[in-house]
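Structural features, examined
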Amino acid sequence: MKRIGILTSGGDAPGMNAAIRAVVRAGLSYGLEVYGIYNGYRGLIEEDFVAMNRHSVSDIVARGGTILRTARLPEFKELSVQQKAIANLKKHGIEALVVIGGDGTYRGALDLTNQGVNCIALPGTIDNDVASTDFTIGFDTALNTIIDAVDKIRDTTESHSRCSIVEVMGNHCGDLALYAGIASGAEIIITPEIHPDDQEVIDYLKKLRAQDADRRAIMVVSEKLYPSIHDFAKKIEENTGFVTRATVLGYIQRGGAPSANDRILGGRMGAYAVDLLMEGKGGEAVGIRGTTLVATPIPEALKMKKVWDESIRNVVHQINN
Ligand code: F6P
């Protein structure tokens, strides 16, 4: 193997640049040539390739986003599109790839591996919705951004004795809401995994209000659970006596300088991905279990389900009581 490529795909996540840097530097240290592919899988189709050297990745470890840009390309499921990508890779002598992204990115990596181009997939998404790893690159930074925002929202919520609902990302995975809720001392956490019905929420808030008419309440809620979080806030206000405001944190959660944890995670995973390619491996998903890096065959990784530790469920239960 002489030449490898690196791309980022799906939603960007802080720490992706640290992973790109590690792949480039580790590749060069093995004597490989490393090509960056712009705009995810779309760059494979459009031959958007750039040769990278050690300076291409200088000073990016502290930057959010991805210097290689990213895109979502649903058409990459089609065999003809994959074949075009493989033809372009062959034309440029790129024999293997490291791809960084979420589940969709993994499927593309598996398809390419099955057709002869070894791919190693790294989990890069703020959502932490990849079951083959304890943590994804970007999750820790997004979590800290959310906590910072909730701390600020708490100040005004407290001053007015209101209820604030903070909607966070997660894409059907409650980890961001769960961890942010715990870390910011929220009274209520609502996620796809723990979703009390509206009446339970109302009853609980009424109980709090009855105990102390001056108190405030913070609710951290995962996205995609309510058709309109503002309508939900209205319902809470009408039924509890709490003046209630909803804040949708949105894309602020995806930006910003990566945390120390995400820089280290991205760096470790990037270097490990190159080690795996050098061992002739492909179709593997890199993850971290505890402090140990692991590789799981992508088909197995895609079938895995995330399970919350019972102790975490207990914390939520205690908070909500
Ligand atoms: O990156 C993951 C994620 O932020 C999800 O939490 C969110 O639902 C989605 O991406 C939004 O992505 P976009 O608007 O970029 O398609």
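Residues numbered from 1 in each chain as written. Predicted model: local features only at pLDDT ≥ 70, side-chain atom pairs only at ≥ 80, totals over all residues. Heavy atoms only, no water.

**Quick look at the nonpolar core**
Ranked by internal contacts, the top residues of the largest apolar core, which has 56 residues, are Ile6, Ile20 and Leu176. Sort the elements by how many residues they give to this core and helix 5 (residues 139–160) lands first, with eight residues. If you count residues domain by domain, this core takes at least three from each of domain 1 (3–138 + 258–303) and domain 2 (140–254). Setting aside chain neighbours within four positions, we find Leu176 in contact with Ile126, Asp127, Phe139, Ala142, Leu143, Ile146, Val168, Met169 and Gly170. Core analysis: the next-biggest nonpolar cluster, separate from the first, contains 26 residues, Leu73, Val81, Leu89 and Leu110 among them. (Core = buried A, V, L, I, M, F, W, Y, C linked by side-chain atoms within 4.5 Å. Buried < 20%, exposed > 50% of the residue type's maximum accessible area, 1.4 Å probe, protein only. Helix = DSSP H or I, 4+ residues; strand = E, 2+ residues; numbered from the N terminus. Domains from an automatic or database assignment. Contact = heavy atoms within 4.5 Å.)

**Digging into the domain arrangement of the chain**
We note that the domain assignment places domain 1 (3–138 + 258–303) and domain 2 (140–254) within the chain. Relative placement of domain 1 and domain 2: their C-alpha centres are 35 Å apart. At the junction of the two partners, domain 1 supplies 14 residues and domain 2 supplies twelve residues. For domain 1, the biggest contributors to the area lost against domain 2 are Asp12, Ile126 and Asp127; these three give 43% of the whole. Inspection of the domain 1/domain 2 interface yields ten residue pairs in polar contact (both at pLDDT 80 or more). Residues that form the side of domain 1 that touches domain 2 fall into these classes: four nonpolar, five polar and five charged. (Buried area = accessible area lost by both parts, 1.4 Å probe. Polar contact = N/O pair within 3.5 Å; in protein donor to acceptor, adjacent residues only side chain to side chain. Nonpolar A, V, L, I, M, F, W, Y, C, P; charged D, E, K, R; others polar.)

**Some thoughts on the site of the ligand**
Taken together, Gly11, Arg72, Asp127, Met169, Gly170, Asn171, Glu223, Lys224, Tyr251 and Arg254 make up the full set of residues near the ligand. Arg72 is positioned such that a nitrogen or oxygen atom in its side chain is 2.9 Å from an oxygen atom of the ligand. Its free accessible area being 400 Å², the ligand has 76% of it covered by the protein chains. Of the residues in the shell around the ligand, the class split is two nonpolar, three polar and five charged. Here the shell around the ligand spans two domains, since at least three of its residues come from each of domain 1 (3–138 + 258–303) and domain 2 (140–254). (Near = heavy atom within 4 Å. Areas by Shrake-Rupley, 256 points an atom, 1.4 Å probe, with all protein chains shown as cover.)

**Some thoughts on the pairing of strand 10 (residues 284–289)**
With five of six residues buried, strand 10 lies mostly within the body of the structure. Summarising the sheet, strand 5 (residues 118–123) and strand 10 pair through two bridges and their orientation is parallel. In the strand pairing of strand 10, Ile120 is matched with Glu284. In the sheet, strand 10 pairs with strand 11 (residues 292–297) via six bridges, with the strands oriented antiparallel. Its bridge partner lying in strand 11, Arg289 is registered against Thr292. Between strand 10 and strand 11, which pair antiparallel and follow one another directly, the connecting turn spans two residues, one of which, Gly290, has a positive phi of 65°. (Pairing = 2+ DSSP bridges.)

**Remarks on the sheet that holds strand 6 (residues 163–168)**
What the four strands build is an open sheet, ordered 7-8-6-9; its pairing is parallel. At either margin of the open sheet sits one strand with a lone partner, and together these are strand 7 (188–190) and strand 9 (244–248). The average angle at which neighbouring strand axes cross in this sheet is 15°, direction not considered. In the sheet, strand 7 pairs with strand 8 (residues 217–222) via three bridges, with the strands oriented parallel. (Axes fitted to C-alpha atoms, helices over the stretch in contact; angles between N-to-C directions.)

**Things to note about the pattern of salt bridges**
Summed over all chains, the structure comprises twelve salt bridges. Salt-bridge contacts for Asp175 lead to Lys306; the nearest nitrogen and oxygen are separated by 3.0 Å. Of this pair, Asp175 sits in helix 6 (residues 175–184) while Lys306 sits in the loop between helix 10 (298–303) and helix 11 (310–319), placing them 131 residues apart in sequence. For Asp175, a relative accessible area of 2% translates into the label buried. (Salt bridge = Lys/Arg side-chain N within 4 Å of Asp/Glu carboxyl O.)

**Notes on the environment of Ser259**
Position of Ser259 relative to the elements: it lies in the loop between strand 9 and helix 9 (260–278). Overall, Ser259 belongs to the buried group, its relative accessible area being 15%. Each C-alpha atom of the pair Ser259 and Asn144 lies 8.1 Å from the other, and the pair is 115 residues apart in sequence. Ignoring anything within four residues of it in the chain, the contact list for Ser259 reads Asp140 and Thr141. In terms of polar contacts, Ser259 uses its side chain to reach the side chain of Asp140, at 2.6 Å.

**Quick look at the sheet that holds strand 3 (residues 49–52)**
Two strands in a sheet stick together by hydrogen bonds in their backbones, pointing the same way (parallel) or opposite ways (antiparallel). Spatially, the seven strands line up as an open sheet ordered 3-2-1-4-5-10-11, and their pairing is mixed. Edge positions in the sheet fall to strand 3 and strand 11, since each of these pairs with one other strand and no more. Neighbour-to-neighbour, the strand axes of the sheet open up by a mean angle of 25°, direction not taken into account.

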